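# Coordinate inspection notes
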Amino acid sequence: MLSYFSNPQRFDQLARIAIPVCGFGGLVLAVIGVYISFFASPPDYQQGDTVRIMYVHVPAAYMASAIYAGMAVASFIFFVWRHSLADAAADVMAPIGAIFTALALATGSLWGKPMWGTWWEWDARMTSVLVMLLIYLGYIALRGAIEDRQLAARMAAILAMIGVINLVIVRFSVEWWSSLHQPASIIRMDGPTIDGSQLTPLFLMMGAYTLLTAWLVFYRLRSRALVQRARSIQSRREREGM
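A quick note: this is a predicted structure, and the numbers were derived from the prediction, not measured.

### Some thoughts on the overall build of the protein
Within the protein, the secondary structure is distributed over 8 helices and 0 strands. Element order for the protein, N to C, with α for helix and β for strand: α-α-α-α-α-α-α-α. The principal-axis extent of the C-alpha atoms belonging to the protein is close to 75 × 35 × 30 Å. Split into buried and exposed, the 242 residues of the protein put 39% on the buried side. The long-range fraction of contacts in the protein, counting pairs at least 24 apart against all pairs at least 6 apart in sequence, stands at 75%.

Okay, structure coming up:
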């Protein structure tokens, strides 16, 4: 599949479809999700209206981990098979993932103060998410610090793959260590523990985040491909002019 879309024309055809579909779908879900989350859903019987932070925080935390997983897979594919599209995908996902991770930390702090009485606690979940943000930033910095693009891509891919260890810690931290965070309440063998009135807007926001992220990744990849194509044409014309 990746080899098939490595062809610039095939990828451009895919991106032309994916960009408007993901963008429009994400916008629709975001509008509906924001309305239900902040205006139509009831306040929590314990947290009151503070629970509405969940509709921003949980999807952001979910996307932070999901994007990192995607970046790590793309890095592995590039490292093993040298697919340039996989490297480009990992490169464009990194800053998006960093933004979602920072958003998850910021909203988690805002939620934690009224619920736990503290803005920050060095427990396993919070610390591992902070480490994930640092890995994202390290990945971006590493690619920018090395002039040799191929070497930079390989070193960044290694860092992304090593960071999967921390991703596993993020996922299971609340089960392995004592934490202020509650255990998993959505993906459970016996079903979600969250009431449907809260679960519906939460899923809508998660869907909106996912589609808008896909839109942004495809948009950046296509823009990158168009820039490279323009540079290639300009370089060829300069050679012909000489």
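### Describing the nonpolar core
The biggest cluster of nonpolar side chains holds 50 residues, and the ones touching the most others in it are Y68, M71 and F100. Broken down by secondary-structure element, the contributors of at least two residues to this core are α2 (8-40), α3 (54-81), α4 (84-116), α5 (124-145), α6 (149-162), α7 (164-176) and α8 (196-241). In this structure, F100 is in contact with A60, M63, A64, I67, Y209 and T213, ignoring residues within four places of it in sequence.

### Brief notes about the side chain of T107
When you line up the elements, T107 lands in helix α4. Polar side-chain contacts of T107 include one of 3.1 Å to the side chain of H57. Of note is the side chain of T107, whose polar atom sits 2.7 Å from the backbone oxygen of L103. Contacts of T107, omitting those with residues within four sequence positions, involve I53, V56 and H57.

### Describing the packing of aromatic side chains
The tally for this structure, following the rule as stated, stands at 9 aromatic pairs. Members of the aromatic cluster, joined through ring pairs, are F172, W176 and W177. Above the face of the F79 ring, R82 is positioned so that its terminal group lies 5.8 Å from the ring centre. In this structure, R171 is placed above the aromatic ring of F172, and the distance from its NZ or CZ to the ring centre is 4.8 Å.

### Comments concerning the pattern of salt bridges
Overall, the coordinates contain 7 salt bridges when judged by the stated rule. Across the pair D87 and R143 runs a salt bridge, and its minimum N-O distance is 2.8 Å. With D87 in helix α4 and R143 in helix α5, this pair connects stretches of sequence that are 56 residues apart. Take R143: its relative accessible area is 15%, and that puts it in the buried class. Across the pair D91 and R224 runs a salt bridge whose closest N-O atoms are separated by 2.6 Å. Highlighted residues: D91 in helix α4 and R224 in helix α8, separated in sequence by 133 residues.

### Brief notes about the packing of α5 against α6
Relative to each other, α5 and α6 sit at 170 degrees, their axes nearing to 9 Å. Relative to α6, the element α5 is oriented roughly antiparallel. On α6, the residues that touch I135, G138, Y139, L142 and R143 of α5 are A152, A153, M155, A156, A157, L159 and A160. Its residues assigned to classes, the contact of α5 with α6 comprises 10 nonpolar, 1 polar and 1 charged.

### Structural notes on a nonpolar patch on the surface
On the surface, a nonpolar cluster with roughly 830 Å² of combined accessible area is contributed by F76, F79, V80, W81, L151, M155, I158, I162 and I165. Of all the elements in the fold, those that place two or more residues in the nonpolar patch are α3 and α6. On the secondary structure map, I158 appears in helix α6. For I158, a relative accessible area of 32% corresponds to the partly exposed category.

### A few points about the packing of α4 against α5
To characterise two packed helices, one gives the angle between the axes of the helices and the distance between these axes. Orientation of α4 relative to α5, taken along the N-to-C sense of each, is 150 degrees, at an axis distance of 9 Å. With respect to each other, α4 and α5 are oriented roughly antiparallel. Crossing of α4 over α5 shows left-handed handedness. On α5, the residues touching D87, A90, D91, A94, P95, G97, A98, T101, A102, L105 and W116 of α4 are M126, V129, L130, M132, L133, Y136, L137, Y139, I140 and R143. Its residues placed into classes, the contact of α4 with α5 shows 16 nonpolar, 2 polar and 3 charged.

### Here we look at α6
The first and last C-alpha atoms of α6 sit 20 Å apart over 14 residues, in line with the 20 Å expected at 1.5 Å per residue. The complete set of buried residues in α6 reads A152, A153, A156, A157 and A160. Taken around the axis of α6, the buried residues stretch over an arc of 130 degrees, which confines them to a single face. Where α6 is buried, its residues touch α3, α4, α5 and α7. Capping of α6 at its N-terminal end is provided by D148; its side-chain oxygen lies 3.1 Å from the backbone amide nitrogen of Q150.

Parameters and conventions
- Residues numbered from 1 in each chain as written.
- Predicted model: local features only at pLDDT ≥ 70, side-chain atom pairs only at ≥ 80, totals over all residues.
- Heavy atoms only, no water.
- Helix = DSSP H or I, 4+ residues; strand = E, 2+ residues; numbered from the N terminus.
- Buried < 20%, exposed > 50% of the residue type's maximum accessible area, 1.4 Å probe, protein only.
- Contact = heavy atoms within 4.5 Å.
- Core = buried A, V, L, I, M, F, W, Y, C linked by side-chain atoms within 4.5 Å.
- Polar contact = N/O pair within 3.5 Å; in protein donor to acceptor, adjacent residues only side chain to side chain.
- Phe/Tyr/Trp six-rings, centres within 6.5 Å; stacked < 30°, edge-to-face > 60°.
- Lys NZ or Arg CZ within 6 Å of the ring centre and 35° of its normal.
- Salt bridge = Lys/Arg side-chain N within 4 Å of Asp/Glu carboxyl O.
- Axes fitted to C-alpha atoms, helices over the stretch in contact; angles between N-to-C directions.
- Parallel < 35°, antiparallel > 145°, perpendicular 65-115°, else oblique.
- Nonpolar A, V, L, I, M, F, W, Y, C, P; charged D, E, K, R; others polar.
- Patch = residues over 30% accessible without salt bridge, like charges linked within 9 Å, V, L, I, M, F, W, Y side chains within 5 Å.
- Areas by Shrake-Rupley, 256 points an atom, 1.4 Å probe, with all protein chains shown as cover.
- Left-handed = near helix turned anticlockwise from the far one by under 90°.
- Expected span 1.5 Å × (residues − 1).
- Arc of directions from axis to C-beta.

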